[in-house]
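Chain and residue survey
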Amino acid sequence: MGSQSDIEWTDVTWNPVAGCSVASAGCTNCYAMRMAARLEAMSHPKYLGTTRKSGGRYVWTGKVNLDEGSLSAPLEWRKPKRIFVNSMSDLFHADVPDAFIKRVWDVMLACPQHHFQVLTKRPDRMADLFALGLIQPQTHIWVGTSVESDEVVERIAHLRAIKQSTLFVSFEPLIGPINEVDLRGIHWAIVGGESGPRARFMEAAWVERLFEICRRDDVAFFFKQWGGRNKKATGRELHGKTYDEYPLELEP
């Protein structure tokens, strides 16, 4: 129960949890909210109760649903994949029980052929669970946080507290400048503008500054997109080329 993904930096998505709540300004136009609303309208049981209409758009209700049936999916994929964990939620949402997070983690630990990409806006909780020993570091489990502007840059400090793991930061949607940040000890940065009907503008100078910081701090740089209403039209070239760098490559 995974889905082939159009997200440029992953192969498939795996969603053992559905539903979320807004954590910061980067969540305002979340594509997952729109997708969850469509799936809920189709009576998909996994998404029932996760969204509501507010001000002409669908937003999260804060309800999260655990999908026991999807837990075993990565065990069935023999060919190595990059797997984005919970593209339709946040594994470290407050309402996801510790015990369920551990079950998700145990599946990832049992699949060293893959690279799992765990992205959260709640890295403080993730770091706490690592410190408690409830979840364990492994090089094939990449853990990251989203930072959309200087207003939430403190998330990186929580991420850096996690040891013996591949660490990454997603600067997407980049809706404000990151004036200065220390990325030493971070292995990968994803940078991208917001896309969709309500996309907010991303300035080229913000991208250039992050590129410079990544080169300074020896961080793999992945430029995902310029974004906008039509992301295909704006493309994903920077300096006349595409940057598809990864911290580690999958075995063929």
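Residue indices begin from 1 for each chain and proceed along its sequence in written order. With the structure being a predicted model, the display of local features is reserved for residues of pLDDT at least 70 and the display and counting of side-chain atom pairs for 80 or more, all residues being used for whole-chain, interface and lining totals. Excluded from the side-chain calculation are hydrogens and water; included are all heavy atoms of the structure.

Moving on to the pattern of salt bridges. A pair can form between side chains of opposite charge whenever their charged atoms are brought close. Within this document, salt bridges are pairs made up of a side-chain nitrogen of Lys or Arg and a carboxyl oxygen of Asp or Glu, the two lying within 4 Å of each other. For the coordinates displayed, the defined rule picks out 18 salt bridges. The salt bridge partner of Arg122 is Asp90, with a shortest N-O separation of 2.8 Å. Here Arg122, found in the loop between β8 (115–120) and α3 (123–132), pairs with Asp90, found in the loop between β7 (82–85) and α2 (98–109); they are 32 residues apart in sequence, far enough to count as distant. Residue Arg122 shares its accessibility class with Asp90, and that shared class is buried. Through salt bridges with shared partners, a single network forms among Glu180, Arg209, Glu212, Arg216 and Asp217. Only runs of H or I of at least four residues qualify as helices and only runs of E of at least two qualify as strands under DSSP, and these elements are numbered from the N terminus. Per-residue accessibility, obtained with a 1.4 Å probe over protein chains only, is compared with the maximum for each type, and a residue is labelled buried under 20%, exposed over 50%, and partly exposed between these values.

Turning next to the pairing of strand β9 (residues 141–146). Working note: regular strand, side chains alternate between the two faces of the sheet. Buried residues dominate β9, accounting for six of its six residues. Of the two faces of β9, the one lined by Ile141, Val143 and Thr145 and the one lined by Trp142, Gly144 and Ser146 are each fully buried. In this sheet, β9 lies alongside β8 in parallel orientation, the contact comprising five bridges. Looking at β9, one finds that Thr120 is bridged to Thr145. The handedness rule is simple: strands pointing away from the viewer, and a clockwise path from the first strand over the helix to the second, make the crossover right-handed. Between β8 and its parallel partner β9, the chain crosses via α3, and the hand of that crossover is right-handed. A pair of strands is treated as paired once DSSP finds two or more bridges between them. Two strands pair when backbone bridges link them, and β9 and strand β10 (residues 166–171) are joined in this way by five bridges, in the parallel orientation. For Thr145, the partnering residue across the bridge sits in β10 and is Val169. For the segment spanning β9, helix α4 (residues 155–160) and β10, crossover handedness is right-handed.

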